[in-house]
Every structure is written in C-alpha cells, then in structure tokens.
Amino acid sequence: MDDPGSSSWLTGLAARAAGSMSTPLREYVEHAAGAGVTAGEAAAAWGELRLRPHVLRDVTDVDPSVELLGRSARVPWGVAPTSLQRAVHPDGEVATARASAAAGAVMVVSSNAGSTFDDIAATGVTWWLQVYLPSDRTLAGPLLDRAVAAGAAAVVLTVDTPVVAAWHPSEALIWDVADPGWTRVNFDPGYEDQPGSEKALDLGPHDIDWLRERTGLPVVVKGVLRGDDARRCVQAGAAGVWVSTHGGRQLDRSLSTAVALPEVRRAVGDEAEVYVDGGVRCGLDVLTALAAGADAVFVGRPVLHALVDGEAGVARLHAALLVETVEAMRLAGCRTPADTRDLLAMAPDERPHPL
Ligand SMILES: Cc1cc2nc3c(=O)[nH]c(=O)nc-3n(C[C@H](O)[C@H](O)[C@H](O)COP(=O)(O)O)c2cc1C
C-alpha cells in the first residue's frame with residue numbers, strides 16, 4: 001500500500017479510479033463543458049500563484065482547523081456536492097459522510113444524492129444541502145423541509161446552472177443506464193413530472209433571501225466568479241460566497257477559480273465567508289487557496305475517485321490532504337489558516353488583505 005501522505009498517492013488517484021469505472025460513469029465524472037478549456041486550466045491555475053513564506057516562526061504545533069458558518073471544522077477543506085456517488089460505490093454518500101465525519105470535514109450533499117438525508121446525517125457529519133431552485137419555487141419545499149429536519153447546517157444555492165451545458169458522451173449517457181435508486185431519493189416521487197420543476201431561468205438575489213427565510217439556515221451561493229456578483233449575494237443576505245466554475249462543466253472559457261478568488265475576497269471583505277473549488281488536488285493547492293482569500297476549499301472529482309474504494313478510500317484522501325496541508329503550512333511558516341492571509345505575492349493594490 002502506498003503511504004497515504006505521499007504525493008504520488010494523490011497524483012495517481014484519478015488514473016487508478018478510471019480503471020474501476022464503467023465508460024459512462026468515467027465520462028460523467030471527468031466530463032468538461034465545451035472544448036474543456038476551463039476544466040483543463042483549473043488545476044494548473046493554482047500552480048501559477050506564488051507565495052511569500054514566513055520564516056523564523058515556531059511551527060511545532062500546526063492547527064489547520066477553521067470555523068465555518070459558526071461551526072468548527074477540523075480541516076479547511078470539504079467535500080463539494082457531486083451526484084451519482086452510489087454509481088461509484090454502493091455505499092455512496094454514506095461512505096463519503098462517514099469518512100468526512102471522521103476527518104472533521106464538512107460535506108455538501110447534492111440535492112440529486114442517492115442516499116437519504118437521514119442516513120447521511122446519522123454518520124454525524126456536518127453537512128450542508130446543495131440545491132438548484134425550480135421555476136416554481138414552492139416545489140422545492142419538501143426537499144428543503146427534509147433537509148432541515150435531518151439537520152442540514154446550511155443551504156448551498158448553485159447559481160451557475162440555469163441550463164445544464166450540453167455534452168456528448170461517447171457511449172450511453174450515465175443517466176440512461178443509472179439505477180433510479182442512485183439519484184434524487186430525497187425528492188417526492190414524480191417530482192420531475194410536475195410543471196414548474198425544471199431549473200429556474202430567473203434566479204435573482206431575492207432567492208437568497210427567500211431560501212434563508214424558508215429554511216432558517218445560512219445560505220451559501222455557489223458558482224460566483226466576479227466581485228460585483230459576490231457583493232450582490234452579500235447584500236441579499238448570503239452567509240457565504242463560493243467561487244466555482246462547477247468543475248468546468250458549465251460555461252466553458254470561464255476564468256479559473258484561482259484567478260477569480262482574490263477579486264471575490266476583496267469584494268466581500270469580512271462580511272461573508274468565501275469558499276473555492278476547482279482543480280484543488282493537493283495540500284499545496286489548499287494552502288494556496290487559503291492564501292488567495294478562501295476560508296475553506298472544496299474538492300469534487302478527487303472524492304469520487306477515492307470513493308471507488310468506499311469509505312476507506314475517502315478516509316485516505318482526507319488523510320493524504322491533511323499530511324500535505326500541514327507540511328505546506330509548516331514550510332510557509334503558518335500555524336493556522338489565518339496565518340496564510342498575507343502569503344500571496346500580488347501587486348499591492350490587489351492584495352486580498354492588507355499586509
Ligand atoms: C460528477 C460531478 C457531479 C457534480 N454534481 C454537482 C451537483 O449535483 N451540484 C453542484 O452544485 N455541483 C456539482 N458538481 C460540481 C462540484 O460541486 C464542484 O463544483 C466541482 O467538481 C469542483 O471541481 P473539481 O472536480 O475540480 O474539484 C459536480 C461535479 C462533478 C465532477
């Protein structure tokens with residue numbers, strides 16, 4: 001067995017998982033919109049940023065924990081919402097939740113999940129619900145009520161998907177070969193047959209306020225790439241803004257999240273939390289994202305790759321990220337995520353936080 005802390009384990013993760021997935025599943029997981037420009041640039045964009053490490057600081061005790069939406073998380077990364085986890089492994093979201101609970105990582109549960117909210121919550125994980133809102137907002141009610149009853153700690157509103165970007169798999173569409181029990185088990189039966197259940201094309205800031213009122217939970221807006229939009233979210237009452245390109249699966253040619261993040265952090269200031277995902281693949285990426293202004297980072301595809309081995313695989317992913325993140329923090333002279341705030345090398349007027 002490889003050492004879970006070695007970078008080769010993380011580096012080889014996607015390739016190993018590919019061998020265990022059917023072609024439709026692999027194509028679904030790796031799918032990128034358009035010509036794949038945004039998806040292709042995501043990981044490399046973290047490597048374009050440069051850090052100014054501190055030295056002569058005691059890094060004997062490093063504490064990577066963060067407080068997210070008023071709750072402590074032992075690590076500054078979480079699981080991004082992804083659907084069809086039960087197509088990857090029979091235990092699906094529950095396996096991811098168990099491993100994430102043990103690691104002290106937040107898990108964001110896709111509204112299309114194939115495991116019930118109650119089963120996920122029973123693992124003890126801190127979990128947030130991800131939603132797309134339908135044209136008829138009232139149809140979202142039962143899903144939201146179920147999530148609140150099961151103890152969701154926040155609602156993540158995905159705003160980059162007024163339509164699902166087209167894609168053309170070489171074989172069958174995964175949705176056509178997927179077991180119906182792998183997805184959307186938290187909706188009422190027949191939900192999709194109801195008029196008004198299609199994704200809303202008219203989302204606006206008022207929906208943030210509506211979701212907050214409707215659930216009583218903090219609302220995070222996922223899919224923001226611009227400072228001006230981030231401000232609109234905060235003004236509408238968002239507790240968090242999540243910089244994301246949906247893994248490069250929506251608008252191709254969108255800029256990388258590593259590039260967008262500092263502008264969003266500057267626009268939001270300390271009025272809301274800022275998260276980021278897209279191409280985060282190692283502990284150094286985690287450190288770089290924190291330095292660029294994120295309060296936490298989220299990981300999408302690597303969780304699915306690790307989930308090929310069920311709970312043990314996801315546990316190993318968390319363990320490998322922890323080893324690497326702590327090493328990167330020590331090398332940068334940072335004891336806590338807050339210490340990373342002045343690491344990024346940028347023009348003075350672009351710095352996310354004053355030095
Ligand atoms: C297979 C797959 C399914 C996804 N499903 C959802 C979803 O249901 N809701 C959502 O908001 N984002 C979804 N996403 C986007 C992820 O939450 C996240 O933004 C993206 O995967 C991050 O990039 P990364 O895969 O490079 O880490 C999905 C991504 C993938 C790869």
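This structure is a prediction, so every number in the text was calculated from the model and none was measured. (Residues numbered from 1 in each chain as written. Predicted model: local features only at pLDDT ≥ 70, side-chain atom pairs only at ≥ 80, totals over all residues. Heavy atoms only, no water.)

1. A closer look at helix 8 (residues 141-149)
Right, so step 1: What helix 8 keeps buried is the set Gly 141, Leu 143, Leu 144 and Ala 147. The buried residues of helix 8 occupy an angular sector of 165° when projected down its axis, which confines them to one face.
Right, so step 2: Those residues of helix 8 that are buried lie in contact with helix 7 (117-121), strand 5 (127-131) and helix 10 (205-215).
Right, so step 3: Among the residues trailing helix 8, Gly 151 stands out with phi positive, at a value near 95°. (Buried < 20%, exposed > 50% of the residue type's maximum accessible area, 1.4 Å probe, protein only. Helix = DSSP H or I, 4+ residues; strand = E, 2+ residues; numbered from the N terminus. Arc of directions from axis to C-beta. Contact = heavy atoms within 4.5 Å.)

2. Regarding the site of the ligand
Right, so step 1: Taken together, 23 residues lie near the ligand, and Pro 81, Ser 110, Thr 158, Asp 277 and Arg 281 sit nearest.
Right, so step 2: Contact between the ligand and Ser 83: a nitrogen atom at 3.4 Å from a main-chain N or O atom of the residue.
Right, so step 3: Contact distances for the ligand include 2.8 Å between an oxygen atom and a side-chain N or O atom of Ser 110.
Right, so step 4: With the chains in place, 98% of the 610 Å² that the ligand exposes on its own is no longer accessible. (Near = heavy atom within 4 Å. Polar contact = N/O pair within 3.5 Å; in protein donor to acceptor, adjacent residues only side chain to side chain. Areas by Shrake-Rupley, 256 points an atom, 1.4 Å probe, with all protein chains shown as cover.)

3. A closer look at the pairing of strand 7 (residues 219-224)
Right, so step 1: Of all six residues in strand 7, six are buried; the element is thus mostly enclosed.
Right, so step 2: As paired strands, strand 7 and strand 8 (residues 240-243) are joined by four bridges and run parallel to one another. Within the sheet, the bridge partner assigned to Lys 222 lies in strand 8 and is Trp 242.
Right, so step 3: Since strand 7 and strand 8 lie parallel, the crossover through helix 11 (residues 227-235) that links them has a hand, and here it is right-handed. (Pairing = 2+ DSSP bridges. Right-handed = clockwise from strand over helix to strand, strands pointing away.)

4. A look at the layout of surface pockets
Picture a little ball the size of a water molecule; that probe, rolled over the atoms, points out where space is still empty.
Right, so step 1: Here the largest pocket defines a volume of roughly 870 Å³.
Right, so step 2: Along the walls of the largest pocket sit 43 residues, with Tyr 28, Ser 83, Asn 112, Tyr 132 and His 246 positioned nearest its centre.
Right, so step 3: Where the lining of the largest pocket is concerned, the elements lending two or more residues are helix 3 (23-30), strand 10 (296-299) and helix 14 (301-307).
Right, so step 4: In terms of residue class, the lining of the largest pocket is made up of 17 nonpolar, 17 polar and nine charged.
Right, so step 5: For the second largest pocket, the calculated volume is near 570 Å³.
Right, so step 6: As for the second largest pocket, its lining consists of 24 residues, and the residues nearest its centre are Val 159, Asp 160, Gly 223, Val 224 and Asp 229.
Right, so step 7: Counting residues per element, the ones that place at least two in the lining of the second largest pocket are helix 10, strand 7 and helix 11.
Right, so step 8: Its residues assigned to classes, the lining of the second largest pocket shows 13 nonpolar, six polar and five charged. (1 Å grid on protein atoms, 1.4 Å probe; cavity = no way out; pocket = protein on both sides within 12 Å on 5 of 7 lines; lining within 4 Å. Points joined across faces, edges and corners; volume = space filled by probe spheres on them. Nonpolar A, V, L, I, M, F, W, Y, C, P; charged D, E, K, R; others polar.)

That is the geometry; function is a separate question.
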